[in-house]
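Below are the chains, spelled out letter by letter.
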Amino acid sequence: MSNKGWIGVDLDGTLAHYDGWIGIHHIGEPIAPMVDRVKRWRSEGREVRIFTARIDGGLGSKEAEDVAEVRRFIEEWCAQYVGEVLPVTNVKDFGMIELWDDRAVQVRVNTGEPVGYSTRGLA
């Protein structure tokens, strides 16, 4: 993997334990193997961003103050468990080289064929 570009890491269910929505103030306990992986990537100089639906109004509101508050909770969680504040986004761009997410299913480029399988039986 090249050091150019950024790695997206989902928050709920991937980086932090998730048992269902409690509120914007609640982010689950860290998932140690993923947190360790993110720390390793950062020590290698890789750019890592938190990629989460929490930031886009998935809370029922896109008001700037709501998004700022959600972002603040995520940044505080990152500082505590990752050791630094990571950028937070909900937007993919051509700079993203990988996405680590508990809901994603990888497909082979230009084929639509899944690499693995859907954990929800939707493939």
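This text goes with the structure placed above it.
Residues numbered from 1 in each chain as written. Predicted model: local features only at pLDDT ≥ 70, side-chain atom pairs only at ≥ 80, totals over all residues. Heavy atoms only, no water.

(A) Just the nonpolar core, in detail. Val9, Leu11, Leu15, Val38, Ile50, Ile74 and Trp77 are the most contacted members of the largest nonpolar core, which has 22 residues in total. Within the residue set of this core, elements represented by two or more residues are strand E1 (6–10), helix H1 (32–43), strand E2 (47–51) and helix H2 (64–81). The element that contributes the greatest number of residues to this core is H2, accounting for six residues. If near-sequence neighbours (up to four positions away) are discounted, Trp77 is found in contact with Leu11, Leu15, Ala16, Ile27, Gly28, Glu29, Pro30, Val35 and Val82. (Core = buried A, V, L, I, M, F, W, Y, C linked by side-chain atoms within 4.5 Å. Buried < 20%, exposed > 50% of the residue type's maximum accessible area, 1.4 Å probe, protein only. Helix = DSSP H or I, 4+ residues; strand = E, 2+ residues; numbered from the N terminus. Contact = heavy atoms within 4.5 Å.)

(B) Looking closely at the side chain of Arg54. Note that Arg54 resides in the loop between E2 and H2. A residue is classified by how much of its surface remains accessible, and Arg54, at 5% relative accessible area, is buried. A distance of 2.9 Å separates a polar side-chain atom of Arg54 from the backbone oxygen of His26. (Polar contact = N/O pair within 3.5 Å; in protein donor to acceptor, adjacent residues only side chain to side chain.)

(C) Spatial organisation of the packing of aromatic side chains. Summed over all chains, the structure comprises three aromatic pairs. Pairing Trp41 with Trp100 gives two aromatic rings, centres 5.2 Å apart and planes at 65°, and the pair type is edge-to-face. Of the two residues, Trp41 is situated in helix H1 and Trp100 in strand E4 (residues 96–100); the sequence distance between them amounts to 59 residues. When its relative accessible area of 29% is taken as the criterion, Trp100 is described as partly exposed. Between Trp77 and Tyr81, the aromatic rings sit 5.0 Å apart at their centres with planes inclined by 50°, giving tilted as the arrangement. Taken together, the residues span about one helical turn, with Trp77 and Tyr81 both in helix H2 at a distance of four residues. Trp77 gets classed as buried once you look at its relative accessible area, which sits at 5%. A cation sits over an aromatic face here: Arg72 above Phe73, 4.7 Å from the ring centre. (Phe/Tyr/Trp six-rings, centres within 6.5 Å; stacked < 30°, edge-to-face > 60°. Lys NZ or Arg CZ within 6 Å of the ring centre and 35° of its normal.)

(D) View of unusual backbone geometry. Positive phi, normally seen in glycine, also occurs at Asn110, with a value near 60°. In this structure, Asn110 sits in the segment after E4.

(E) The environment of Val38, seen in detail. Along the chain, the position of Val38 falls in helix H1. Sequence separation between Val38 and Val9 is 29 residues; the distance between their C-alpha atoms is 8.4 Å. In contact with Val38, other than residues within four places in its own chain, are Val9, Leu15, Val48, Val82 and Leu86.

(F) Here's a closer look at the sheet that holds E4. What the four strands build is an open sheet, ordered E3-E2-E1-E4; its pairing is parallel. Edge positions in the sheet fall to strand E3 (88–89) and E4, since each has one partner strand and no second. Across five bridges, E1 lies against E2 in parallel orientation. Bridge pairing in E2 places Val9 opposite Ile50. (Pairing = 2+ DSSP bridges.)

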